[in-house]
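Letter by letter, the chains look like this.
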Amino acid sequence: MDVLAELGERLVCGDGAIGTLLLDRGVPVDRCLEELCVSDPNRIRAVHEEYVAAGARVIETNTFGANAVRLARFGLEDRVQEINKAAVRLARKATRGKEVCVAGSIGPLGISAHEAEERGIDRAQRFREQSTALLEANVDLIFFETFLSFEEMEIALGATPTSDCLIVSFFACEPDGRLQSGMPLVEAFARCHAMGAKIVGANCLNGPRAMVQLFEKLPAGDLLAAYPNAGYPRYTEGRYVYPTAPDDFAKAAREMATQGARLIGGCCGTTPAHIAAVAKTIVDLGPVKPKSLADSSLTMRRS
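Residues numbered from 1 in each chain as written. Predicted model: local features only at pLDDT ≥ 70, side-chain atom pairs only at ≥ 80, totals over all residues. Heavy atoms only, no water.

## As for the pairing of strand β6 (residues 199-203)
Using the following cut-off: Think of it in three bands: with a 1.4 Å probe and only protein chains considered, a residue is buried below 20% of the maximum accessible area for its type, exposed above 50%, and partly exposed in between. Only DSSP runs of H or I covering at least 4 residues are called helices, and only runs of E covering at least 2 are called strands; the numbering of each starts at the N terminus. Whether two strands pair comes down to DSSP finding at least two bridges between them. If the strands point away from the viewer and the path from the first strand over the helix to the second runs clockwise, then the crossover is right-handed.
Burial of β6 is extensive: 5 of the 5 residues sit out of reach of the surface. Residues I199, G201 and N203 of β6 are buried on one face, and the alternating residues V200 and A202, pointing to the opposite face, are buried as well. Relative to β6, strand β5 (residues 166-171) runs parallel, the two being bridged by 4 bridges. Pairing of S169 across the sheet is with V200, part of β6. Between β5 and its parallel partner β6, the chain crosses via helix α10 (residues 185-194), and the hand of that crossover is right-handed. When β6 meets strand β7 (residues 224-227), the two strands line up parallel, connected through 4 bridges.

Laid out in structure tokens, this is it:
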């Protein structure tokens, strides 16, 4: 499957959450979810297979936090290569014989620049270690996702070895279309493109309605990806519950498509049922043409 060619002609459905799905199915909150790729591979492979059956054409590896900094919280910092490569093998098995691509998931390190400096952590090296493992395992894409800071995204992209792998940059930001630093999202996208990202977008943080509002502010010319949460979580009976039903999520996905999103999946709280609804909704939709923006001021940096 040639993702860029597909996105030029039609919308593509991504998969949904892995972490919140595992927690909802009984995995303890104090477990390292990424390590399950080694200790409980059948559980992770089954999740991938459910998303493929639901209609996802791009699935992500269970490696969001599989960098040495996050793994160190569980005493697993020396197992970056093992865990990332095991995760890719599981995703590959789930897609065998199908026109489905595997994206290696890389999240932020989970520490501030100041904390990294205090602890003597080379952030570029930590990203390089994980991206190298994913590339060696032969992923089709790399998703840098849920980044709040352009500075950290810049470090991550700069640390990634040169390859033919498709790079996707996702930011998490409020519906006003600005990162925490005040940088307009469209500026961050342009700078990511300059560093080699072919697809840019937003994930997490927002529910589907807020994601629609965010995409109203984005030009439709880019290859845009949207992976919202299934609403805003509520803590009920000892667990977080995401309130957006699959049908409502799919309706919002259709609106995201009309605002320029071409690769559409789900983040926290989404399930195979959400992805099945999205796949059914967007199957016959094509990319939108350029559109007028809700707020053209977002093309300029705030003073």
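## What to know about the nonpolar core
It is characteristic of soluble globular proteins that their nonpolar side chains tend to be buried jointly. Worth spelling out the cut-off: In plain words, nonpolar cores are sets of buried Ala, Val, Leu, Ile, Met, Phe, Trp, Tyr and Cys residues tied together by side-chain atoms within 4.5 Å.
In this structure, F144, F171, F215 and I264 are the most contacted members of the largest nonpolar core, which totals 75 residues. Counting residues in hydrophobic clusters, the runner-up holds 16 residues, among them A103, L166, F170 and Y227.

## Comments concerning the pattern of salt bridges
This is how the line gets drawn: For this analysis, a salt bridge means a side-chain nitrogen from Lys or Arg found within 4 Å of a carboxyl oxygen belonging to Asp or Glu.
Under the definition given, this model contains 15 salt bridges. Linking R123 and E151 is a salt bridge whose minimum nitrogen-to-oxygen distance equals 2.7 Å. Taken as a pair, R123 in helix α8 (residues 123-136) and E151 in helix α9 (residues 150-159) lie far apart in primary sequence, 28 residues in all. Judged by its relative accessible area of 12%, R123 is buried. In this structure E151 comes out as partly exposed when scored by relative accessible area, which is 36%.

## Some words on the packing of aromatic side chains
Threshold: Two aromatic rings, drawn from Phe, Tyr or Trp (for Trp, its six-membered ring), form a pair once their centres lie within 6.5 Å of each other, and the interplanar angle then sorts them: stacked below 30 degrees, edge-to-face above 60, tilted otherwise.
Under the definition given, this model contains 8 aromatic pairs. Summarising the aromatic geometry, the rings of F143 and Y227 are spaced 5.9 Å apart at their centres and angled 85 degrees between planes, so their arrangement reads as edge-to-face. Taken together, the positions of F143 in strand β4 (residues 141-147) and Y227 in strand β7 put the pair 84 residues apart, joining distant regions of the chain. Judged by relative accessible area, Y227 falls into the buried class, the value being 1%. Judged by centre distance (6.5 Å) and plane angle (25 degrees), the rings of F150 and F171 are stacked. You can see F150 sitting in helix α9 and its partner F171 sitting in strand β5, a full 21 residues away along the chain. Take F150 and F171: they sit in the same class, and that class is buried. Members of the aromatic cluster, joined through ring pairs, are F127, F144 and F147.

## Remarks on the sheet that holds β4
Using the following cut-off: Two residues form a contact once any of their heavy atoms are found within 4.5 Å. Axes here mean lines fitted to C-alpha atoms, for a helix over just the part in contact, with angles spanning 0 to 180 degrees between N-to-C directions.
Taken in spatial order, the 8 strands make up an open sheet running β1-β10-β7-β6-β5-β4-β3-β2, and their pairing is parallel. Two strands bound the open sheet, and with one partner strand each, they are β1 (12-13) and β2 (58-60). Strands β3 (101-106) and β4 of the sheet are contacted by α8, whose axis makes an angle of about 165 degrees with β3.

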